[in-house]
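# Examination of the molecular architecture
Read off the chains here:
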Amino acid sequence: MHPDVRRNQAVWNADSADYQRRNAATLSKTEPRWGVWALPERELRILGDVAGKDVLELGCGGAQWSIALARRGARMTGLDVSEAQLAFAREQVRAEGVDVRLVHASADETGLPSSSFDLVFADHGAPGFVDPHRWVPEVARLLRGGGRLAFNVATPWLHATWDPAKQAVGTRLVLDYFGMHRFEDTTPPEGVERGMVEFMLGYGDWIRLFLANGLRVVDLVELRPPEHASTTYSTYAPPEWARRWPAEQIWKVEKEG
């Protein structure tokens, strides 16, 4: 396991219970919703009809998304590197009585067979916490020809305006856009030595990475919360900020062949 993945694993294991408690109102097992403002999939139409498809969720956490899609007829696999998150997910899957296979692995080293999925997706989850240069090739291997990858992550805007001293976004560019890649969190949760490592690429770097792995861009959806939106992710970005600049982006790409 890559050292950055192991570091993030420790943070997620330590924070899992509090994370699920804090965000229970946002994480829906019935209505799939995207991002920190819980925008409905039925309105965004990112994934489309999943019935009868083999679907992999990267960084499934408590498996809320996987449960919701299994109810819509998907053959679901949820993958997460955190043992604590997966323990919560197993309880949820059992309580809901749905068929979701749960896999303990990192998104860059899944151990799953090649060409085994029609759709790979993530709502934040693994794509923001594993080096894209490692997980994108792995997803390309897992997808069947014509299969799709859809994932929601933070935007370069969010990272470029992040003020480490205030631990919040601002209205001034603080960090360089060019060369954007790896970011270290200096505020670990209690009981963990170091904070998370997060990853972000510029738009051109994302596109070149997709193309190098046989993936073509279908769409880029920049999420904008509605007026008077609220969220349980209170430290992410204020909704009034995210109505001016995109704080989240959903990439939709498709494998050739």
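Each remark here, short or long, concerns the structure printed above.
Scope of this entry: the structure provided in the associated data block. (Residues numbered from 1 in each chain as written. Predicted model: local features only at pLDDT ≥ 70, side-chain atom pairs only at ≥ 80, totals over all residues. Heavy atoms only, no water.)

Moving on, we come to a nonpolar patch on the surface. There is a patch of nonpolar side chains on the surface, built from I207, L211 and V217 and spanning about 230 Å² of accessible area. As for its position among the elements, V217 is in strand 12 (residues 215-223). A residue is classified by how much of its surface remains accessible, and V217, at 32% relative accessible area, is partly exposed. (Patch = residues over 30% accessible without salt bridge, like charges linked within 9 Å, V, L, I, M, F, W, Y side chains within 5 Å. Areas by Shrake-Rupley, 256 points an atom, 1.4 Å probe, with all protein chains shown as cover. Salt bridge = Lys/Arg side-chain N within 4 Å of Asp/Glu carboxyl O. Helix = DSSP H or I, 4+ residues; strand = E, 2+ residues; numbered from the N terminus. Buried < 20%, exposed > 50% of the residue type's maximum accessible area, 1.4 Å probe, protein only.)

Tracing the backbone through its elements, the reader meets G35 in the loop between strand 1 (33-34) and strand 2 (39-40). Given the relative accessible area of 9%, G35 is considered buried. Beyond its immediate sequence surroundings of up to four residues, G35 is in contact with T26, D123, H124, N152 and E248. (Contact = heavy atoms within 4.5 Å.)

A few words on the sheet that holds strand 12. As summarised here, the arrangement of the seven strands in space is 5-4-3-6-7-13-12, forming an open sheet in which the pairing is mixed. Both outer strands of the open sheet, strand 5 (100-104) and strand 12, are each paired with one neighbouring strand and no more. In this sheet, neighbouring strand axes are inclined to one another by 15° on average, regardless of whether the strands run parallel or antiparallel. As judged from the three bridges shared by strand 3 (residues 54-58) and strand 6 (residues 117-123), these two strands associate in the parallel manner. Note on strand 6: the bridge partner recorded for L56 is V120. Sheet strands in contact with helix 4 (residues 83-96) are strand 4 (75-80) and strand 5, and its direction is about 170° off that of strand 5. (Pairing = 2+ DSSP bridges. Axes fitted to C-alpha atoms, helices over the stretch in contact; angles between N-to-C directions.)

Turning our attention to unusual backbone geometry. Its identity is not glycine, yet R45 carries a phi of approximately 55°, on the positive side. One non-glycine residue, H124, adopts positive backbone phi at about 60°. Looking at where H124 falls in the secondary structure, it is placed in the loop between strand 6 and helix 5 (132-142).

For the rest of this paragraph, the subject is the packing of helix 5 against helix 7 (residues 203-212). At a minimum axis distance of 10 Å, the contact between helix 5 and helix 7 shows a crossing angle of 35°. Handedness of the crossing formed by helix 5 with helix 7: right-handed. Across from P132, H133, W135 and V136 in helix 5, the residues of helix 7 making contact are W206, L209 and F210. Per-class residue counts for the contact of helix 5 with helix 7 are six nonpolar, one polar and no charged. (Left-handed = near helix turned anticlockwise from the far one by under 90°. Nonpolar A, V, L, I, M, F, W, Y, C, P; charged D, E, K, R; others polar.)

Now for the packing of aromatic side chains. Going through the model one piece at a time under the given rule, you end up with 17 aromatic pairs. Ring centres of Y203 and W251 lie 6.4 Å apart, and the angle between their planes is 45°; on these two criteria the pair is classed as tilted. One end of the pair, Y203, is in helix 7; the other, W251, is in strand 13 (residues 248-255), with 48 residues separating them in the sequence. Residues W206 and F210 carry aromatic rings whose centres are separated by 5.7 Å and whose planes lie at 20° to one another, so their mutual orientation is stacked. (Phe/Tyr/Trp six-rings, centres within 6.5 Å; stacked < 30°, edge-to-face > 60°.)

Next up on the list: the environment of A242. Residue position: A242 is located in helix 8 (residues 239-242). On the basis of relative accessible area, A242 is assigned to the buried category, the value being 2%. The sequence separation of A242 and E222 amounts to 20 residues, and the corresponding C-alpha distance is 10 Å. Discounting chain neighbours no more than four positions away, the residues touching A242 are W37, L223, R224, P225 and A247.

This next bit is on the nonpolar core. L47, L58, L69, W135, F151, W206 and Y236 are the most contacted members of the largest nonpolar core, which has 76 residues in total. Here this core gets six residues from one element, more than from any other, and that element is strand 7 (residues 143-154). In contact with W135, not counting residues within four places along its chain, are L58, A107, D108, P127, V130, L149, F151 and W206. (Core = buried A, V, L, I, M, F, W, Y, C linked by side-chain atoms within 4.5 Å.)

Attention now moves to helix 1 (residues 3-22). Along its 20 residues, helix 1 runs 28 Å from first to last C-alpha, staying within 8% of the 28 Å computed at 1.5 Å per residue. Residue D15 marks the point of greatest curvature in helix 1, where the axis turns by about 60°. Turning to helix 1, the residues buried within the fold contact helix 3 (64-70), helix 4, strand 5, strand 10 (182-184) and strand 11 (197-199). (Expected span 1.5 Å × (residues − 1). Bend = angle between axes of the 7 residues up to and from the residue.)

On to the side chain of T110. Within the fold, T110 resides in the loop between strand 5 and strand 6. Of the residues examined, T110 reaches a relative accessible area of 5% and is grouped as buried. Only 2.6 Å separates the side chain of T110 from the side chain of E138, close enough to count as a polar contact. If near-sequence neighbours (up to four positions away) are discounted, T110 is found in contact with L79, V103, A105, E138, R141 and L142. (Polar contact = N/O pair within 3.5 Å; in protein donor to acceptor, adjacent residues only side chain to side chain.)

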